[in-house]
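# Secondary and tertiary structure notes
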Amino acid sequence: MKVFLIYIRDEDYYNILPEKLRQSKNSDRIEVMAFPPLGIQTLAPVIRSHGHEVTMFDTCHPKMQEDHIEQAVKEDKPDILALSFLSTTSYLVMKSMAQRLKNVASKTPIIVGGAFATVNAVQILKDAPYIDCVGRGEGEELIPEYLDNLDNLEIVKGLTWRSNGEVIHNPIRPLIRDLDKFPYPDRKSLPIEYIESMPLDVPAVLSLDRFCTMQTTRGCPFNCIYCDIPSLAQGRWRSRSPEHVLGEMQQLNDEGYRSIYLTDDHFLMQRKRIEAICNGIIDRKLEFHWGCEGRVDSLAVEEFLLMVKAKCTFLAFGVEAGTQKVLDRLNKNQTLEQIEYAVKQANKDGIETTHGFFLLGSPDETFEDILESFRFAARLKLDTFGFNRLCAYRGTPLWQEYVDRGIIDDERDWHKWFKCSDIDPTILPSGVVHQARKKGYMKLFGYLVLHRPVATYRLLRKFGRYMRASDIFTLLWSPFRKKALTRKPELPEWMIEQGLDAPVRKAS
């Protein structure tokens, strides 16, 4: 059969590389500042190995928009349309695409997948009659089985589908046990080069080295209240063998990739595995540099020196907060001392760039707590950092907490996402959080200029390789203004019905 794999993006998280930075002016491959669509790149060779023909689309490409894909469907007449998207922010775009394609190919089955689709499979089919089914969870075994049983869908585990107007929710599919048995992702078929960058208001190119992503593990066994990964991965962490990982790395190295980011939710999980991968990179004399992310409480913190020898240059930690009270409220299961030790060790062992993810606007967090997170970031001597609002998404423990407290109506609000400070009366109002964030950034920037001038200069110089001075200024100014998003956070239905634009807070 002929299968179209279509990755649908939120346009806030990619940018076309500026013309002046293009490395090949005559190349047919466009250059986009974004992470590659590793999901469909992974599925494509698996589906081909079962004898099917696959064409991939990524909507970051200017010639892979709705009208282009509609025309391709008219001309090529695929047997299956598989749409992949990540979260609620791209759900409406996905719906538009699905409806348009169903209008021109009414008899062609449309299956959708991804994290948001997995959590909301039944709701999606009730909401969008032009979508025929949802593949829940991992697709490497589900999709081939689905293609072999289009007339017998009830046997396909992990599938939610429609029969005579009724939504059928098949039993859950077991997690894949052997992640080594699949071919390496297809990074050649899409006419796109993906550029290592940061998805900011002002695009920040980090390098023009040939860039791609890899996934060497899946899942995370921890249960932070804002994260849906444990529920999607059934609370388990699974890994590919070092040998299989090194085989893919060798292939990427031979194909000229010189920058790789590991998208693992928690790469720093197992010391011996990290040792085997790093020693393999060193022994094979692989030329790329790479980055990853993980928890600060991992025993693999002791492997940073070896990781540096294997050309790890970027390491991101989920710090989240600068007070133990807030860390505990987020169920982070880590201490301030563990954070300080891990970042200090990364700097000591020579990691070129350490990044900290922080969350602001948590339940019971005070104005002073927010400022303490910025002071903590300064003490940690992080190279880069991001301070984002705590948000609630369906599938997370936080969402369920809000359902139990009557703040969210799970049946009516399932398709939304919320800034917690917009809906939770135990959180500072959004305007106050924004003011604390601005004040914190001003203090942090001031600290960096006064106490870490050399490191600050090096970072600005790194950005300056590919950005104009005016763009760098705009980038530095961006924390002090509100970001305009394509799909903005919403309010629960009950608040809208009562004409409220903020939760009712108790007088202090």
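See above for the structure.
Thresholds applied
Residues numbered from 1 in each chain as written. Predicted model: local features only at pLDDT ≥ 70, side-chain atom pairs only at ≥ 80, totals over all residues. Heavy atoms only, no water. Helix = DSSP H or I, 4+ residues; strand = E, 2+ residues; numbered from the N terminus. Rg over C-alpha atoms; globule rule 2.2 N^0.38 Å. Buried < 20%, exposed > 50% of the residue type's maximum accessible area, 1.4 Å probe, protein only. Core = buried A, V, L, I, M, F, W, Y, C linked by side-chain atoms within 4.5 Å. Contact = heavy atoms within 4.5 Å. Pairing = 2+ DSSP bridges. Axes fitted to C-alpha atoms, helices over the stretch in contact; angles between N-to-C directions. Phe/Tyr/Trp six-rings, centres within 6.5 Å; stacked < 30°, edge-to-face > 60°. Lys NZ or Arg CZ within 6 Å of the ring centre and 35° of its normal.

What follows deals with the overall build of the protein chain. Looking only at helices and strands, the protein chain has 20 helices and 22 strands in total. For a compact globule of 508 residues, the expected C-alpha radius of gyration is about 23 Å, and the protein chain comes in at 23 Å, within 12% of that figure. By its C-alpha atoms, the protein chain is 65 × 65 × 45 Å across when sized along the principal axes. Within the protein chain, buried positions represent 54% of all 508 residues.

Counting residues in each nonpolar core, the largest one holds 74 residues, and the members touching the most others are M249, L268, W290, M307 and F317. By residue number, the principal contributor to this core is helix α13 (residues 367-380), which donates 6 residues. Every residue in contact with M307, bar those within four places of it in the chain, is listed here: L268, I274, C278, W290, C292, C312 and L315. Judged by nonpolar contacts, the second largest core, of 61 residues, contains A34, M56, A121 and C133.

Strand order across the open sheet formed by 6 strands is β13-β16-β17-β18-β19-β20, with parallel pairing between neighbours. One side of each edge strand has no neighbouring strand; the edge strands of this open sheet are β13 (211-214) and β20 (384-389). On average, adjacent strands in this sheet sit at an angle of 20° to one another, irrespective of strand direction. Bridge count for strand β19 (residues 353-360) against β20 is 6 bridges, and the pairing is parallel.

Here the focus is the packing of aromatic side chains. Overall, the coordinates contain 20 aromatic pairs when judged by the stated rule. Ring plane angle 55° and centroid distance 4.9 Å describe the contact between F4 and F57, whose orientation is recorded as tilted. A residue pair is termed long-range when its members are at least 10 positions apart, and F4 in strand β1 (residues 2-8) and F57 in strand β4 (residues 53-58) qualify at 53 residues. By relative accessible area, F4 is classed as buried at 0%. Accessibility expressed as a relative area gives 9% for F57, which makes it buried. Members of the aromatic cluster, joined through ring pairs, are F358, F374, F385, F387, Y441 and F445. One residue, R210, lies across the ring of Y257, its end atom 4.2 Å from the ring centre. Directly above the aromatic system of F222 lies the positively charged group of R295, at a separation of 3.6 Å from the ring centroid.

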